[in-house]
Amino acid sequence: MAQAAWPLVERKFGQTSRRDAWWVQPLLTFLGLSAFVLYSTWAAFQGEHYEFGPYLSPFYSPLLFGDGPHAWFGPKPLWWPGALPFSAALLILWAPGGFRFTCYYYRGAYYKAFWADPVSCAVGEPRKTYLGEKTFPLVMQNIHRYFLYLALIFIFILAYDVWKALWFTGPDGIEHFGIGIGTLVLATNTVLLGSYTFGCHSLRHLVGGVFDLLSGKPIRKKAYDCVSCLNRRHMLWAWMSLFWVGFTDLYVRLCSMGVWTDWRIL
């Protein structure tokens, strides 16, 4: 039986036979990721308005050094260079930032949106060779599995922040149980970040991917199924958690500045 031979066509950058709006998705990805990077960088260098009552911005959690009640080790350390602006966020954001930057989904997303590698299927690229992730610096993307361990620790720290957000200091100076809008904002942030983190491809491999057969390991099989359930919506969790962690910082910041009022539900 004869087979049709389709010749390979070398396309120039952006050249394609597609008639759909293929450029919309990479453009939205570029705008979304750029907006988050710009805001989170700005917020990290502020070094203020990251606490409000029992609330702590996730950009600053854990708060290793600070002047507020959430600080683990007291105020600004003496060893910090005086010529550099101090912000507690700069001490910890490298861990969750590294986890997202090396994430398998985000790598595919920003490769297309920022490097046009490729910008979209069947669309010409600005380069003629493919190097993959086997050379420096892209080979460093393989440390994603190690950033996962740090990201898991951060989820438990953020969950503890939600617990602390349930206790408000009253006029008598005694802490009382309560729920504010900020409590729900922080709780939602932890759930979304947890869904994104616990659906990680590396965690899926860690809990069950190393085995050829899981039927004889019921606990590992259950854990594998749970991670796989979250992994099926990994892109959705990635974007929802990205938006909400930024909104959570904004909520705490605006409440601290007196722009927004934190309404108490209970």
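Before reading on, note that the structure itself is shown above.
Everything numeric in this text was worked out from a predicted model, so none of it was measured.

Asker: What is the right way to read the pattern of salt bridges from this model?
Answerer: It is possible for side chains of opposite charge to pair when their charged atoms get near one another. Tallied over the entire structure, the rule returns five salt bridges. Arg 18 is the salt-bridge partner of Asp 20, the closest N and O atoms lying 2.7 Å from each other. On the basis of relative accessible area, Asp 20 is assigned to the partly exposed category, the value being 41%. The class of Arg 18 is partly exposed, set by a relative accessible area of 29%. Its salt-bridge partner being Asp 225, residue Lys 221 comes within 2.8 Å of it at the nearest N-O pair.

Asker: So what exactly am I meant to see when it comes to the state of the cysteines here?
Answerer: Note on terminology: disulfide describes a covalent bond linking the sulfur atoms of two cysteines. Per the counting criterion, the structure on display carries zero disulfides. Here Cys 103 stays free of any disulfide, with the sulfur of Cys 200 as its closest cysteine sulfur at 6.5 Å.

Asker: Help me understand the packing of aromatic side chains in this model?
Answerer: A ring pair, where both rings are aromatic, is described by two values, the distance of the centres and the angle of the planes. For the structure on display, the rule yields 29 aromatic pairs. Ring geometry for Tyr 39 versus Phe 59: centroids 6.3 Å apart, planes at 50 degrees, classification tilted. Here Tyr 39, found in helix 1 (residues 24-46), pairs with Phe 59, found in the loop between strand 2 (55-56) and helix 2 (89-92); they are 20 residues apart in sequence, far enough to count as distant. Each residue in the set Phe 65, Trp 72, Phe 73, Trp 79, Trp 80 and Phe 86 is aromatic and connected to the rest through ring pairs, giving one cluster. Directly above the aromatic system of Phe 168 lies the positively charged group of Arg 264, at a separation of 3.8 Å from the ring centroid.

Asker: Would you explain unusual backbone geometry in this entry?
Answerer: The bulk of non-glycine residues show a negative phi, and the bulk of peptide bonds are trans. The omega torsion across Ser 61 and Pro 62 is 5 degrees, close enough to zero to call that bond cis. With respect to the helices and strands, Pro 62 occurs in the loop between strand 2 and helix 2. The omega angle of the peptide bond from Phe 136 to Pro 137 is 10 degrees, so this bond is cis rather than trans. Of note, Pro 137 is situated in the loop between helix 4 (104-115) and helix 5 (144-164). We note that His 49 has phi near 60 degrees; this positive angle belongs to a residue other than glycine. Positive phi values are uncommon outside glycine, yet Ala 116 reaches one of about 55 degrees. Topologically, Ala 116 is positioned in the loop between helix 4 and helix 5. Exposure remark for Ala 116: the relative accessible area of 9% places this residue in the buried category.

Rules used in this analysis
The residue numbering used here restarts from 1 in each chain and proceeds along that chain's sequence as written. Per-residue local features are limited, in this predicted model, to residues with pLDDT of at least 70; the limit for side-chain atom pairs, both in listing and counting, is 80 or more; totals at the level of whole chains, interfaces and linings are taken over all residues. Excluded from the side-chain calculations are hydrogens and water; all other atoms, namely the structure's heavy atoms, are used. The salt bridge definition used is simple: a Lys or Arg side-chain nitrogen within 4 Å of an Asp or Glu carboxyl oxygen. The rule is simple: take the accessible area with a 1.4 Å probe, protein chains only, and divide by the maximum for that residue type; under 20% is buried, over 50% is exposed, in between is partly exposed. Here, the term disulfide refers to a pair of cysteine sulfur atoms separated by no more than 2.5 Å. Stacked, tilted and edge-to-face pairs are distinguished by plane angle, under 30 degrees for stacked and over 60 for edge-to-face with tilted covering the rest, among Phe, Tyr and Trp rings (Trp via its six-membered ring) whose centres lie within 6.5 Å. Secondary structure elements follow DSSP: runs of H or I no shorter than four residues count as helices, runs of E no shorter than two count as strands, and numbering proceeds from the N terminus. Whether a charge sits over a ring comes down to the Lys NZ or Arg CZ being within 6 Å of the ring centre and within 35 degrees of the ring normal.

No statement about biological role is implied by the geometric values presented.
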